[in-house]
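A look at the structure
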Amino acid sequence: MIGKLIGRLDYRAADHVLIDVRGVGYIVYCSDRTMAALPGVGEAVSIFTDMVVREDLMQLYGFLSLAEKEWHRLLCSVQGVGAKVSLAILSALGPDGVSRAIALGDWGAVKAAKGVGPKTAQRIVLDLKDKAPGVMAMGGTVTEAVDGPALELVEAAEPAVASKRAAIPASGSAAASAGALSALGNLGYGPSDAASAVAEAAATLPDAGEADLIRAALKLLAPKS
């Protein structure tokens, strides 16, 4: 299986890119959000991938974070949800938005994605609700793709593009949510309750840091008088 590609972005289409890795070109399909965040043609790129192999198909799907990749894998595990629907959901919500929608049981947010009906949206939320805490705890950032070992490999493989960096943004909100979720777990709260509280707090305070999210989540979890 191909889990990650590091190379040069050679070509862009509406829903996929061509990445040159030491002379071998890989076609990678991505969500709209991932497409928008990828660097320009000719620039260095590092991207996580999921490979689908069937008798009549062999395709790569690309993601900027492990959290996005994991949500894609989980979404595709739901009956009636394929790669196309999964990418539509990730395009509409992003990995952070999917985490919030699933943790809060908000199937209406999932239904807003293109091609997703109410029954499918409800099935997704029901099937994956217990999975949200684990994905949220991943944090969802891949800064090493810009500044760490991944870039060094790109420089070694592609000297001509060594000075160009892959434009992969770090997701501070995802990292803050992961930290808040971990803190609540250490305080004894159950994964599902903690995930719902953190998701609700993050939706209300999108720019909040970890400490602010913890305080807001604790207020939500406090016994109601």
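Calculation rules
Residues numbered from 1 in each chain as written. Predicted model: local features only at pLDDT ≥ 70, side-chain atom pairs only at ≥ 80, totals over all residues. Heavy atoms only, no water. Helix = DSSP H or I, 4+ residues; strand = E, 2+ residues; numbered from the N terminus. Contact = heavy atoms within 4.5 Å. Areas by Shrake-Rupley, 256 points an atom, 1.4 Å probe, with all protein chains shown as cover. Buried < 20%, exposed > 50% of the residue type's maximum accessible area, 1.4 Å probe, protein only. Polar contact = N/O pair within 3.5 Å; in protein donor to acceptor, adjacent residues only side chain to side chain. Salt bridge = Lys/Arg side-chain N within 4 Å of Asp/Glu carboxyl O. Axes fitted to C-alpha atoms, helices over the stretch in contact; angles between N-to-C directions. Parallel < 35°, antiparallel > 145°, perpendicular 65-115°, else oblique. Left-handed = near helix turned anticlockwise from the far one by under 90°. Core = buried A, V, L, I, M, F, W, Y, C linked by side-chain atoms within 4.5 Å. Pairing = 2+ DSSP bridges. Phe/Tyr/Trp six-rings, centres within 6.5 Å; stacked < 30°, edge-to-face > 60°. pLDDT = per-residue confidence, 0-100. Expected span 1.5 Å × (residues − 1).

**What about the overall build of the protein chain?**
- What the protein chain contains, in helices and strands, is eleven helices and five strands.
- Within the protein chain, contacts between residues at least 6 apart in sequence are counted, and of these 59% link residues at least 24 apart.
- Looking at the protein chain as shown, the accessible area adds up to about 10,900 Å², and 54% of this sits on carbon and sulfur atoms.

**Quick look at the environment of Gly 94**
- Tracing the sequence through the fold places Gly 94 in helix H3 (residues 83-104).
- Using a relative accessible area of 3% as the deciding quantity, one classes Gly 94 as buried.
- Other than its neighbours up to four places away in sequence, Gly 94 contacts Arg 33 and Ile 89.

**Some remarks on the side chain of Asp 20**
- Here Asp 20 lies in strand S2 (residues 16-21).
- Classification of Asp 20 as buried rests on a relative accessible area of 12%.
- Engagement of the side chain of Asp 20 in a polar contact is seen with the backbone nitrogen of Arg 22, the distance being 3.4 Å.
- At a separation of 2.8 Å, a polar atom in the side chain of Asp 20 contacts the main-chain amide nitrogen of Gly 23.

**Overview of the pattern of salt bridges**
- As enumerated under the stated definition, the model contains five salt bridges in all.
- Across the pair Arg 8 and Asp 10 runs a salt bridge whose closest N-O atoms are separated by 2.9 Å.
- The class for Arg 8 is partly exposed, based on a relative accessible area of 23%.
- Each of the salt bridges in this network shares a partner with another, and the network as a whole consists of Arg 8, Asp 10 and Asp 20.

**Structural notes on the packing of helix H10 (residues 191-204) against helix H11 (residues 210-221)**
- Where H10 meets H11, the closest approach of the two axes is 8 Å, and the angle between their N-to-C directions is 120°. Put simply, H10 runs oblique to H11. Where H10 crosses over H11, the two elements pack in a sense that is right-handed. In contact with Asp 193, Ala 197, Val 198, Glu 200, Ala 201 and Ala 202 of H10, H11 contributes Leu 213, Ala 216, Ala 217, Leu 220 and Leu 221.

**Description of the nonpolar core**
- Membership of the largest hydrophobic core comes to 46 residues, with the highest contact counts inside it found for Trp 71, Ile 89, Ile 102, Val 110, Ile 124, Leu 128 and Met 136.
- For this core, the element with the highest residue contribution is H3, accounting for ten residues.
- When neighbours within four sequence positions are excluded, Ile 124 is seen to be in contact with Leu 75, Val 78, Val 81, Ile 89, Ile 102 and Val 110.
- Counting residues in hydrophobic clusters, the runner-up holds 15 residues, among them Val 17, Ile 19, Met 51 and Leu 64.

**Details of the sheet that holds strand S3 (residues 24-30)**
- The sheet built from five strands closes into a barrel, its strands ordered S1-S2-S3-S5-S4 with mixed pairing. Averaged over neighbouring strand pairs, the angle between their axes works out to 55° when direction is ignored.
- Relative to strand S4 (residues 44-54), strand S1 (residues 4-12) runs antiparallel, the two being bridged by five bridges. Counterpart to Leu 5 in the pairing with S4 is Ile 47.
- Sheet strands touched by helix H2 (residues 66-76): S4 and strand S5 (57-63). Its angle to S4, the strand with the most contacts, is close to 15°.

**Examining the packing of aromatic side chains**
- Counted under the stated rule, the structure contains one aromatic pair.
- Seen in terms of ring centroids, Tyr 29 and Tyr 61 are 6.2 Å apart; in terms of plane orientation they differ by 45°. Their pairing is tilted. Of the two residues, Tyr 29 sits in strand S3 while Tyr 61 sits in strand S5, which places them 32 residues apart along the sequence.

**Here's the deal with the confidence of the model for the protein chain**
- Counting all residues, the mean pLDDT for the protein chain is 81, and 84% of those residues have values of 70 or more.
- In the model, residues 140-171 has pLDDT below 50 throughout and makes 65 contacts with residues more than four positions away in sequence or in other chains.

**Some remarks on H10**
- In this model H10 runs 20 Å from its N-terminal to its C-terminal C-alpha over 14 residues, within 8% of the 20 Å that 1.5 Å per residue would give.
- Among all positions in H10, only Ala 194, Ala 195, Ser 196, Ala 197, Val 198, Ala 199, Ala 201 and Ala 202 are buried.

**Quick notes on H11**
- Taking 1.5 Å as the rise per residue, H11 with twelve residues should run 16 Å; its terminal C-alpha atoms sit 16 Å apart, in good agreement.
- Residues of H11 that are buried include every one of Leu 213, Ile 214, Ala 216 and Ala 217, and no others.

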